[in-house]
Amino acid sequence: MSSRDTILKNITANKPELVELPAIDLNTVIQYNDLVQQYKTVLQSIGGGTVELQDLSSLKQELESRKAKGDFVVNRIAALGEVSDSLASLTADELAAVDTAYIQGNVAVAENGAIWLYESNMGNRLLPFICQHLVIVIERKSIVPTMHHAYQQIESAKEGFGVFLAGPSKTADIEQSLVIGAHGARSLIVYMIG
Amino acid sequence: MSHTSTLKHAEAAAQFINDEPRTNWHDETLWFVRQKRDKAAHGLPEWEQLREWASQIKNHTLSNLDNYLLEFERNAKANGVTVHWAMDGADHNRIIYDIIQKNNIQKIVKSKSMLTEECGLNEFLHTKGIETVDTDLGERIVQFRNEPPSHIVLPAIHLKKQDVSDTFHEHLNTEKGNNDPQYLTEAARQHLREKFIESELAITGVNFAVAETGGFVVCTNEGNADMGAHAAKIHIACMGFEKMIPKAEHLSVFLRLLARSATGQPITTYSSHFHKPREGQEMHIVIVDNGRSRQLGRADFRNSLKCIRCAACFNTCPVYRRSGGHSYHTAVAGPIGSILNPNIDMRANADLPFASTLCGSCSNVCPVKIDIHDQLWKWRQVLVAEGYVDTTKKVGLKGMAFLLARPRLYRFAGKMGRGVMRLFPWLVNNKLNPWYKQREMPAPPKQSFRDWYLQNKK
Ligand code: SF4
């Protein structure tokens, strides 16, 4: 018998009697009066920054001037101008030189600062991890209270890859001292539009 | 002979506590992590409800595990992922070795996976002349030092920054005596970025596997699992079969609990959901049994398979904090390791269920409500009945004896307030401690304790 069949057979023989799944009642989970304020506070506590904007015009200008200066920036947001869409063919070595990536976030979570990104927002799965600095743009109205609400909004398996990303890369592996910028992005700024 | 084996933890622990300042530091550092966990837990009014949901979801999953594994396999295959099944560690290692050979792979990066530690993957590959680079910072540090991780979430928690500085000076040529964590982390970042970029194979663990979607979720703070998996042309994800959960929506419950329980963070920086290989990439999943189906059949111990490896039970354990992870001589240390390891090898790990005061603090913090201390107690009965220990009484007291028989370990009178709760967390939250029934607890100075209690009961 194959390993697979043996394992499955043993599980069938040894599993306990069927018990039911619990019903998850969202009425019992935390509510926030001000989702935007809650989101900002949490994100700042985990090392990220927030900027509130009415619209994208100032960010668009910033991006253009950085490009003009010759900074290696990658834009994935159509509303900010020309989108880099040939990223899939770039190697890790090439992407490692990206200074700042601009990516659209789909849903942001007030309780923990996380933002859901679909693979299609990234252009290349490596981009939000390997870039030195990360800028994510979200709509104010896309902030939800908790992870339960977030999973209702997204379809996590819609694309080949997706991530909840909360703050810049970090580690505390050396004597529990928090250091921002472990392997991934050294900074995260979230622009909240609307 | 059986007697000797029950002494192993105690002996290793005795060595650990020889360095008293370091032991105190270790103890305090982990207690600090436990306090961060408390703060995060108290921030959510529904915390107990979440634990209950998590526990029930896991109970349900275990009761229907064969069907969920089949559903997962079917969906993962449809997503273009190759699914392998491994009976034990040797099987797991061979499957990975075959993939390496078939693709003629030289460069391998690995993110944290306690399963690959359990299976001895690095050592196995080493005997085949293949080196893997561990990419979690803590794991890289201990790998350089030829040590195993001492904690499942904080692999290098037993080391001071001077130790890391010396290690990096030797291996990465950093400045001698520069102990700045920022500087040392930056050196590791540069070193490991090179490794990610040139890697051909990335091996990762799995935190949760979702039957409904065939996908799996990997959680890190550093981003190392993603750097490896998205750069390499082959990704192998290794999982014990108990990582299964039924639906994607259940991830919300577990992701809310995991990081809060582990480090007090609201969530890990990256919770990555893998479903399909990227264009041109190969993705494999190795589903491992290695004794788990046997544990599933032990009614008293099966719910240890609910564990999500948050390590909250380590951080709160008065024995773990003062004996260090290496004294448990197994990949998964701490209270939960002391339940899982006797199942894998009763003789070799008969000492572990005795490395506990049975205080119950572990069960109180466990996000999936495993009755850890009850199971430790039950393992003692089994091990005695099976003849792996001499007499119940003698060893029954071992865990407590370790902590209390050495005066310097509870020289806490001057440090009340904090000390009582740290050394005896069960005084406030556990009335069913068998040890407590047999003996008088050393009485803490009444006034201080009451002060503490009054302050904390609200
Ligand atoms: S037994 Fe519970 S507390 Fe311990 S690591 Fe597992 S889930 Fe966390």
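This one's a predicted model, so the numbers in the text were calculated from it and none came from an experiment.

Peer 1: Quick question: what am I supposed to make of the overall build of chain A here?
Peer 2: Broken down by element type, chain A carries seven helices and 11 strands. If one aligns the C-alpha atoms of chain A with their principal axes, the spans along those axes are about 65 × 45 × 40 Å. Evaluated residue by residue, chain A yields a buried proportion of 56% over its 194 residues. When the accessible surface of chain A is summed, it comes to about 8000 Å², and 47% of that surface belongs to carbon and sulfur atoms.

Peer 1: Is there a simple way to explain the domain arrangement of chain B in this structure?
Peer 2: The figure often quoted for interface size is the accessible area lost as the parts come together. Residues and elements named next belong to chain B. For chain B, the assigned domains are domain 1 (5-39 + 313-385), domain 2 (61-151 + 187-290) and domain 3 (391-456). The straight-line distance from the C-alpha centre of domain 1 to that of domain 2 is 25 Å. Facing the 14 residues of domain 1 at the interface are 16 residues of domain 2. Buried surface at the junction of domain 1 and domain 2, summed over both partners, amounts to about 1200 Å²; 60% is from carbon and sulfur atoms. Ranking the residues of domain 1 by area buried against domain 2 places His 326, Ala 331 and Pro 367 at the top, with a combined share of 39%. Our count for the contact surface shared by domain 1 and domain 2 stands at zero salt bridges. For the side of domain 1 that touches domain 2, the secondary structure elements donating two or more residues are α2 (20-42) and α14 (312-316). Residue contributions to the side of domain 1 that touches domain 2 peak at four residues, all from α2. Residues of the side of domain 1 that touches domain 2, tallied by class, amount to nine nonpolar, three polar and two charged.

Peer 1: What am I meant to see in the pairing of strand β4 (residues 201-204) of chain B here?
Peer 2: Consecutive side chains along a regular strand alternate between the two faces of the sheet. Residues and elements named next belong to chain B. Burial of the side chains of β4 extends over both faces: Leu 201 and Ile 203 are buried on one face and Ala 202 and Thr 204 on the other. Where strand β2 (residues 108-110) meets β4, three bridges bridge the pair, whose relative direction is parallel. Of the residues in β4, the one forming a bridge with Ile 108 is Leu 201. Both β4 and strand β7 (residues 234-240) contribute to a ladder of four bridges, which runs parallel. Counted as the bridge partner of Thr 204 is Ala 237 from β7.

Peer 1: Got a minute to help me understand the interface of chain B and chain A in this structure?
Peer 2: Across the boundary between the two partners, chain B contributes 96 residues, which contact 71 residues of chain A. Between chain B and chain A, a total of about 6700 Å² is buried, with carbon and sulfur atoms accounting for 62% of that surface. Looking at the side of chain B facing chain A, the largest losses of area belong to Trp 53, Arg 189 and His 230 of chain B, adding up to 10% of the total buried there. For the pair chain B and chain A, the interface holds five salt bridges.

Peer 1: Where do I start with the sheet that holds strand β11 (residues 187-193) of chain A in this structure?
Peer 2: Working definition: the strands of a sheet are paired by backbone hydrogen bonds and lie parallel or antiparallel to each other. All names here are of chain A. Spatially, β1-β11-β6-β3-β2 is the arrangement adopted by the five strands of the open sheet, whose pairing is parallel. Of all strands in the sheet, those with a lone pairing partner are β1 (49-53) and β2 (73-75), marking the two edges. The mean angle between the axes of side-by-side strands here comes to 20°, regardless of whether they run parallel or antiparallel. Bridge analysis of β2 against strand β3 (residues 100-104) gives three bridges, and the strand direction is parallel. Residue Val 74 lies in a different strand from β3, and its bridge partner there is Ala 101. Lying on the sheet, helix α2 (residues 35-45) is in contact with β1 and β11; it crosses β1 at an angle near 150°. Relative to the sheet, helix α3 (residues 57-69) contacts β1, β2, β3, β6 (133-139) and β11, its axis offset from that of β3 by approximately 150°.

Peer 1: Any chance you could explain the packing of helix α1 (residues 3-14) of chain A against helix α4 (residues 65-78) of chain B here in plain terms?
Peer 2: When two helices pack together, you describe them by how their axes are tilted relative to each other and by the distance separating the axes. With their axes 8 Å apart at the nearest point, α1 of chain A and α4 of chain B run at an angle of 145° to one another. Residues Arg 4, Leu 8, Ile 11 and Thr 12 of chain A of α1 of chain A form the contact with α4 of chain B, whose own contacting residues are Leu 65, Asp 66, Leu 69, Leu 70 and Glu 73 of chain B. Class assignment of the residues belonging to the contact of α1 of chain A with α4 of chain B gives a composition of five nonpolar, one polar and three charged.

Peer 1: Would you mind going over the pairing of strand β9 (residues 270-274) of chain B with me for this structure?
Peer 2: Residue and element names in this part refer to chain B. For β9, a buried count of five out of five residues is recorded, marking the element as mostly surrounded by other parts of the structure. The side-chain alternation of β9 yields two buried faces, one formed by Tyr 270, Ser 272 and Phe 274 and the other by Ser 271 and His 273. In this sheet, β9 lies alongside strand β6 (residues 215-220) in antiparallel orientation, the contact comprising five bridges. Bridge pairing in β9 places Phe 216 opposite Phe 274.

Peer 1: Looking at this structure, I do not really get unusual backbone geometry. What am I missing?
Peer 2: All names here are of chain B. The backbone phi angle of Asn 146 is positive, close to 55°, even though this residue is not glycine. Take Asn 146: it is sitting in the loop between α8 (137-144) and α9 (161-172). For Asn 146, a relative accessible area of 73% translates into the label exposed. One non-glycine residue, His 329, lies in positive phi territory at about 40°. Its place among the elements puts His 329 in the loop between α15 (318-323) and α16 (334-344). Since its relative accessible area comes to 34%, His 329 is described here as partly exposed.

Peer 1: Can you help me understand the pattern of salt bridges in this one?
Peer 2: Oppositely charged side chains can pair when the atoms bearing their charge come close. Within this structure, the stated rule accounts for 34 salt bridges over all chains. Linking Arg 4 of chain A and Glu 73 of chain B is a salt bridge whose minimum nitrogen-to-oxygen distance equals 2.7 Å. Taken together, the positions of Arg 4 of chain A in helix α1 and Glu 73 of chain B in helix α4 put the pair across two chains. Residue Arg 4 of chain A is classed as partly exposed on the basis of its relative accessible area, which comes to 27%. Take Glu 73 of chain B: its relative accessible area is 5%, and that puts it in the buried class. The salt bridge partner of Asp 19 of chain B is Arg 22 of chain B, with a shortest N-O separation of 3.8 Å. Its relative accessible area of 36% is what places Asp 19 of chain B among the partly exposed residues. Residue classification places Arg 22 of chain B among the partly exposed residues on the basis of a relative accessible area of 27%.

Rules used throughout
- Residues numbered from 1 in each chain as written.
- Chains lettered and ligands numbered in written order.
- Predicted model: local features only at pLDDT ≥ 70, side-chain atom pairs only at ≥ 80, totals over all residues.
- Heavy atoms only, no water.
- Helix = DSSP H or I, 4+ residues; strand = E, 2+ residues; numbered from the N terminus.
- Buried < 20%, exposed > 50% of the residue type's maximum accessible area, 1.4 Å probe, protein only.
- Areas by Shrake-Rupley, 256 points an atom, 1.4 Å probe, with all protein chains shown as cover.
- Domains from an automatic or database assignment.
- Contact = heavy atoms within 4.5 Å.
- Buried area = accessible area lost by both parts, 1.4 Å probe.
- Salt bridge = Lys/Arg side-chain N within 4 Å of Asp/Glu carboxyl O.
- Nonpolar A, V, L, I, M, F, W, Y, C, P; charged D, E, K, R; others polar.
- Pairing = 2+ DSSP bridges.
- Axes fitted to C-alpha atoms, helices over the stretch in contact; angles between N-to-C directions.

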